[in-house]
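One letter stands for each residue in the lines below.
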Amino acid sequence: AIDTGRVMGEPIDGLPRVDRAITAALLAAYSALKLGDRVALFGFDSQPRISSGAVSGARAFPLLQRLAGELDYSSMETNYTLALATLTGQLTRRSLIVIFTEFTDPTGAELMIRAAVNLLSGHLVLFVILADDELEGLAAAEPLEIDDVSRAVIAASMLRERRIVQARLRHAGIHVLEARYDEVGAALVRQYLD
């Protein structure tokens, strides 16, 4: 499940987060198909946008690629409640649900956590988030000017909120994978195999 909402349009090293997520998702999907598992692609922002339904076999991969290519950047806020309820309604058996997303505000994160916890009764849930090196760099940078102090404080606060949300997800029984954009695909495949 790929969040294409406003926050996922922000760039990481020159490419939007959603593009990084799609690349990792397709790598994991290909691996799962090759291992004989069924895979579905689901894209959402303020509402569900794309749903492939479950497919199997390596020959189904081009369909997933085509649908992933139709995922578009959105300026809308993500509606986790609607998206995850819709996704749950489409699943007919216990599944591993991999959700690519990003959270920046406590209110949105709270709604995301509530919606994700509802999935746990019948599914295994894994959130995939991309590590933000730029934010880490701002928080750790030595301040040279007064503006640098402000940036460092805000960045540290955002990182703290992010870690709190991750801890709450883990405490609820949800798996969380945070990796750099250039390592997330391989890390996801390893996590999937585990």
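Relevant structure appears above.
How each quantity is defined
Residues numbered from 1 in each chain as written. Predicted model: local features only at pLDDT ≥ 70, side-chain atom pairs only at ≥ 80, totals over all residues. Heavy atoms only, no water. Helix = DSSP H or I, 4+ residues; strand = E, 2+ residues; numbered from the N terminus. Buried < 20%, exposed > 50% of the residue type's maximum accessible area, 1.4 Å probe, protein only. Polar contact = N/O pair within 3.5 Å; in protein donor to acceptor, adjacent residues only side chain to side chain. Contact = heavy atoms within 4.5 Å. 1 Å grid on protein atoms, 1.4 Å probe; cavity = no way out; pocket = protein on both sides within 12 Å on 5 of 7 lines; lining within 4 Å. Points joined across faces, edges and corners; volume = space filled by probe spheres on them. Nonpolar A, V, L, I, M, F, W, Y, C, P; charged D, E, K, R; others polar. Pairing = 2+ DSSP bridges.

Undergrad: Even after reading the chapter, I still don't get the side chain of Asp 45, so can you show me in this structure?
TA: For Asp 45, the position within the fold is in the loop between strand E4 (42-44) and strand E5 (48-51). Judged by relative accessible area, which is 3%, Asp 45 ranks as buried. Of the polar contacts made by the side chain of Asp 45, one reaches the side chain of Ser 46; its length is 3.4 Å. The residues touching Asp 45, leaving out its near neighbours within four places in the chain, are Thr 4, Gly 5, Ser 74, Met 76, Glu 77, Thr 78 and Asn 79.

Undergrad: Got a minute to help me understand the layout of surface pockets in this structure?
TA: Gaps left between atoms show up when a probe the size of a water molecule is rolled over them. Looking at the largest pocket, its volume works out to about 850 Å³. Lining the largest pocket are 29 residues, with Arg 38, Val 39, Ala 40, Ser 95 and Leu 96 sitting closest to its centre. Looking at the lining of the largest pocket, the elements that each hand over two or more residues are helix H1 (17-34), helix H3 (80-90), strand E6 (96-100) and helix H7 (184-193). With five residues, H1 is the single largest residue contributor to the lining of the largest pocket. A per-class count over the lining of the largest pocket returns 20 nonpolar, five polar and four charged. Along its surface, the second largest pocket is lined by 18 residues, and Arg 17, Thr 104, Asp 132, Leu 135 and Met 158 are the ones closest to its centre. Counting only elements with at least two residues in the lining of the second largest pocket, the list comes to strand E2 (11-12), helix H4 (106-117), helix H5 (133-140) and helix H6 (146-171). Tallied by class, the residues present in the lining of the second largest pocket amount to nine nonpolar, one polar and eight charged.

Undergrad: Could you clarify how one ought to interpret the environment of Arg 17 in this entry?
TA: Among the structural elements, Arg 17 can be located in helix H1. Taking C-alpha positions, Arg 17 is 8.6 Å from Thr 101, a pair spaced 84 residues apart along the chain. Arg 17 has contacts with Val 7, Met 8, Glu 10, Ile 12, Glu 102, Leu 130 and Asp 132, leaving out every residue within four places of it along the chain. A distance of 2.8 Å separates a polar atom in the side chain of Arg 17 from a polar atom in the side chain of Asp 132.

Undergrad: What should I look at first to understand the pairing of E5 in this one?
TA: The side chains of a regular strand alternate between the sheet's two faces. Pairing analysis gives three bridges linking E4 to E5, with the strands arranged antiparallel. Considered in E5, the bridge of Phe 44 is made with Pro 48. Here E4 folds back onto E5, and the loop between the two strands holds three residues.

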